[in-house]
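Inside the fold
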Amino acid sequence: MKKRSIALIIGLMSIALIGVMAMQYYFVRESFHKESKLFDEEVKASLSAVANKIERKEIYDFARQQERENQKKFRADQERLQKNEKLLALQLQYQDSIKILQRLAFLHTQNFNSLRTQLNQQFPAVEINNEFFETYIRRKEYRHLIRVTLQQEFTPDNTIAEFTNIEATRALKPVPAKDDSTRFLIPIFPVNSVVAADFKISTLPPEVNKRILSKATELEGKLQKLRTQKLGGAHTLFDSIAILGGKKSSVVADVARGMELAKRPLAERINGPYSLKLLAKELNERGVNSSFVMEIKDSKSSPAVFQGVYQFGEEDLKEVKNPTLYTARLFQGDQGQSPGELSIYFPNKGGIIAETMGYWLFPTILALLALLIGCFAYTLSIIFKQKKISEMKTDFINNMTHEFKTPVATIMIASESLKDPEISADGKRVSKLANIIYDENVRLGSHIERVLNIARLEKENLKIERVNVHINTIAHAVLESMRLQLEKADGILNVNLEATNDLVIGDELHLSNVMFNLVDNAIKYAKDKPEITFRTFNRGNQIVISVADKGMGMTKDQAEKIFDQFYRIPTGNIHNVKGFGLGLSYVNDIIRRLNGKITVKSEKDKGTQFEVTLPLKNASKEVA
C-alpha cells in the first residue's frame, strides 16, 4: 500500500473520529439543556410548595395562638360566670353556636383561598365581579366586546411584573349580579402574543358564606342584648370569646379574608430557619441535593428580611457572580399585591447538572470514545503491519529470484560445458559437471520444497503424520548429513544426546527439517568458524532439543520477530548464503502443530540458543 493511500485512510478516519466527537458534543450539550430545564422545573415546584406550606403554617400558628389566649381569658373570667348560672348556660349556648358558625365560616374562607391558590398555580386567572360577568359574559352576543391583554409594569424594586388587563370595548348597561359566586377569567394567549385569543371562566363558591355569618351576627345580637339586660352592659368573658379568635363578627370576616394576618410585618410572619429546612427537604425529595442560598424579601423594600445558606459557607457568597435566581410569591391569599417573595439561587448550577448527568452519560461517552479510538489504532496497526508484510514479501520475491537464478545459471553453464567435445571426452570432467548439475538440482528442489511447505502451512494443507519417533535417532541422522557442510565451513560440532527417553508422537520428515533448519542457521550466522552445540535432554515429561552457537547473535527486537514469515536479519548474508526468511517460521509452525514450544535466547555478538520442547509419548496420552 502506498504512503499516499495510507495517509488518505488516516485522514478519512480522523475526520470520521472528529465527526463522532462533534456528535457526542452536540448530544452532551442537548442533554445538558434538557437537564437544566428539568432542574428549573423541580426548583420552581419546590418553591411553590414551600410558599403554600408557609402560608398554611401561619394560619395554623395564628389559630393556635388565639386558642391559647381564649383559654387564658376564659379562666380569668370564670368567677364572673358563677354569678348567674342560668344566664351563663344560655350565654355559653349562644357562644358555642357562634363559635361553631365562625369556625364554619373560617373553614369556608380557608377552602376558598386554597381553591384560589390552586387555580392561580395552574392558570394565570384573574378575578372578575359578577356584574361584569352578567353584563358581558353570560350574554354570549356581547362576549366579543371583551378584550384581554397581557401588560407589564415596573415594581417598586425595579423589576418587571406581568399582569392581565380586562376591559370592554363598549360600555353596556350593567346587569345586576344574580348570585354571590366568585368567578375567575382564564385567558388563552397564542404563542408570542399579548392579546388573548379566547378565555375560560372558572367559578368558585363565594369567598364568604353570608348565610353562616348572618346567623352568627343574629346570635351575637341576642347575646349582646341578653348580656346588657342581665349584667347592665358590663364587659364580660363573652365579649372576648363571642367569636373564634376573640374578635367580633366583622373582624372574623376580615380574618377569613386574610386582612388581619396581612397587617403584620413580613418579618413576623416568616420563620426563616424553618423555611430554609423546609425548602431543603422539598428539593431533596425532588432529587436536588446541593448547596443553595435562600432569601425572603418584602415586595415593598429591597433589603432581605431573611437570608440563609444550606451546605454553603457564607464567606463563599462573595465569589458567586450572576447566579440564576428562582422566585415564588408569598401569601398570595392576601388581598392586594403579594407582600413577599421567596428567592433561591445555586452557587454552581452547571456543576450540579453535570454531576447528575455524569453518573450515566460521561462513562457511556468515554467508553464509546475509547472503543472508537481503540478501533482506529487497531486498524492503523493492521495497515502498517500489512504494509510491512508487503515489503517483506517483495524482498522475499527478490531474494527467491536470486536464489533460483544462481542454481539455474550454474546448471546452464555445466550443461553447455558438456556439449564441448573436448570436455565430453574427459570422463572425470563429465563426472564433475554431472555432480554439479545434480547438487544444484537438489539445491533448487530444496528451495522449491521449502516454499511449497510454507504455502501448505498457510492453507492448512500440510499433512502431518503422527507416529512413534525417536528424537535421538533423527538427530544423529541429520547431524551426519550436515557434517560435510560443517567441514566446508571449518566448523566444530559438539553433540550430547543425553535424553534417556526420546520417544515422541510426531512426523519424522518435518522433525528432521526442524533440526536441519536450526543447525543450518547456526552455520550461516557464525561470525567466523561455526562452533555449534547440539543437545537433547529430558525435563519432566518432555524432551528438549537445544541448538546453541557462538555466532553473531541478535538484538532483543530481532529475537521477537525471527518467527515471522519473510523476516530476515539484515546481516544474514555474511557467508554469501541467502535465505527466504521462511525457515524459522516453518519450524515454529511445525513445533506448534506437534503441541510443542520453541524459545530463543540470544545476545548480540555472543551467540544464540534455540530450545525446542516436545511432550513425550506417555505425556501426550495423559494430555489427550
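Residues numbered from 1 in each chain as written. Predicted model: local features only at pLDDT ≥ 70, side-chain atom pairs only at ≥ 80, totals over all residues. Heavy atoms only, no water.

Let's shift gears to the packing of aromatic side chains. Two aromatic rings, taken as a pair, are described by how far apart their centres are and by the angle between their planes. Scanning the model with the defined rule gives two aromatic pairs in all. Taking the centre distance of 5.0 Å and the plane angle of 35 degrees together, the rings of Phe-132 and Tyr-136 count as tilted. Residue Phe-132 and its partner Tyr-136 are both found in helix 4 (residues 130-137); the two are separated by four residues, about one turn of the helix. Residue classification places Tyr-136 among the buried positions, given a relative accessible area of 7%. Measuring from ring centre to ring centre gives 6.5 Å for Phe-563 and Phe-610, while their planes differ by 80 degrees; the resulting arrangement is edge-to-face. With Phe-563 in the loop between helix 18 (556-559) and helix 19 (583-593) and Phe-610 in strand 16 (residues 607-615), the pair connects residues that are 47 residues apart, well separated along the chain. Across the pair, Phe-610 and Phe-563 agree in class, each one buried. The ring of Phe-133 is capped by Arg-183, whose NZ or CZ atom sits 4.2 Å from the centre of that ring. (Phe/Tyr/Trp six-rings, centres within 6.5 Å; stacked < 30°, edge-to-face > 60°. Helix = DSSP H or I, 4+ residues; strand = E, 2+ residues; numbered from the N terminus. Buried < 20%, exposed > 50% of the residue type's maximum accessible area, 1.4 Å probe, protein only. Lys NZ or Arg CZ within 6 Å of the ring centre and 35° of its normal.)

The three strands are arranged 1-4-5 in an open sheet whose pairing can be described as antiparallel. One side of each edge strand has no neighbouring strand; the edge strands of this open sheet are strand 1 (126-128) and strand 5 (198-204). Shown here is a sheet whose adjacent strand axes are inclined to one another by a mean of 35 degrees, direction ignored. The pairing of strand 1 with strand 4 (residues 182-188) spans three bridges and is classified as antiparallel. The residue bridging Ile-128 from the neighbouring strand is Arg-183, located in strand 4. (Pairing = 2+ DSSP bridges. Axes fitted to C-alpha atoms, helices over the stretch in contact; angles between N-to-C directions.)

Here we take up the side chain of Ser-275. Mapping Ser-275 onto the fold places it in helix 10 (residues 272-285). Excluding its chain neighbours within four sequence positions, the residues that come into contact with Ser-275 are Val-50, Ile-54, Ile-270, Met-294 and Ile-296. (Contact = heavy atoms within 4.5 Å.)

Turning next to the sheet that holds strand 6 (residues 292-298). Taken in spatial order, the four strands of this open sheet run 7-6-9-8, and their pairing is antiparallel. The sheet is open, and its two borders are formed by strand 7 (304-310) and strand 8 (325-330), each paired with just one other strand. The average undirected angle you get between the axes of adjacent strands in this sheet is 15 degrees. Alignment of strand 6 against strand 7, held across six bridges, turns out to be antiparallel. Considered in strand 7, the bridge of Phe-292 is made with Tyr-310. In the packing of helix 10 onto the sheet, the strands contacted are strand 6, strand 7 and strand 9 (340-345), and the crossing angle to strand 6 comes to about 130 degrees.

Viewed as axis vectors pointing N to C, helix 17 (residues 508-524) and helix 19 meet at an angle of 145 degrees, and their least axial separation amounts to 10 Å. Here the hand of the crossing between helix 17 and helix 19 comes out left-handed. Listed contacts from helix 19 to His-510, Leu-511, Asn-513, Val-514, Asn-517, Leu-518 and Asn-521 of helix 17 are Gly-583, Leu-584, Tyr-586, Val-587, Ile-590 and Ile-591. Per-class residue counts for the contact of helix 17 with helix 19 are eight nonpolar, five polar and no charged. (Left-handed = near helix turned anticlockwise from the far one by under 90°. Nonpolar A, V, L, I, M, F, W, Y, C, P; charged D, E, K, R; others polar.)

Attention now moves to the confidence of the model for the protein. In this model, the protein carries a mean pLDDT of 76, and residues with pLDDT of at least 70 account for 75%. When the criterion is pLDDT under 50, residues 572-578 qualifies, and its contacts beyond four places in sequence or with other chains add up to 15 contacts. (pLDDT = per-residue confidence, 0-100.)

With that out of the way, let us pick up the nonpolar core. One finds Leu-511, Leu-518, Phe-534 and Leu-614 to be the most contacted residues of the largest nonpolar core, which totals 39 residues. Counting residues per element, the ones that place at least two in this core are helix 15 (471-481), helix 17, strand 13 (531-539), strand 14 (542-549), helix 19 and strand 16. The contacts of Phe-534, once residues within four sequence positions are left out, are Ala-475, Leu-479, Leu-493, Asn-494, Val-495, Asn-496, Leu-497, Met-515, Val-519, Ile-545, Ser-546 and Val-547. Formed by 25 residues, the second largest nonpolar core is a distinct cluster that contains Ala-280, Phe-306, Ala-328 and Ile-344. (Core = buried A, V, L, I, M, F, W, Y, C linked by side-chain atoms within 4.5 Å.)

Turning to the pairing of strand 2 (residues 146-154), a few remarks are in order. The pairing of strand 2 with strand 3 (residues 160-168) spans nine bridges and is classified as antiparallel. Along strand 3, the bridge assignment pairs Gln-152 with Glu-162. Here strand 2 hands over to strand 3 after five residues, with Asn-158 in that stretch at a positive phi of 60 degrees.

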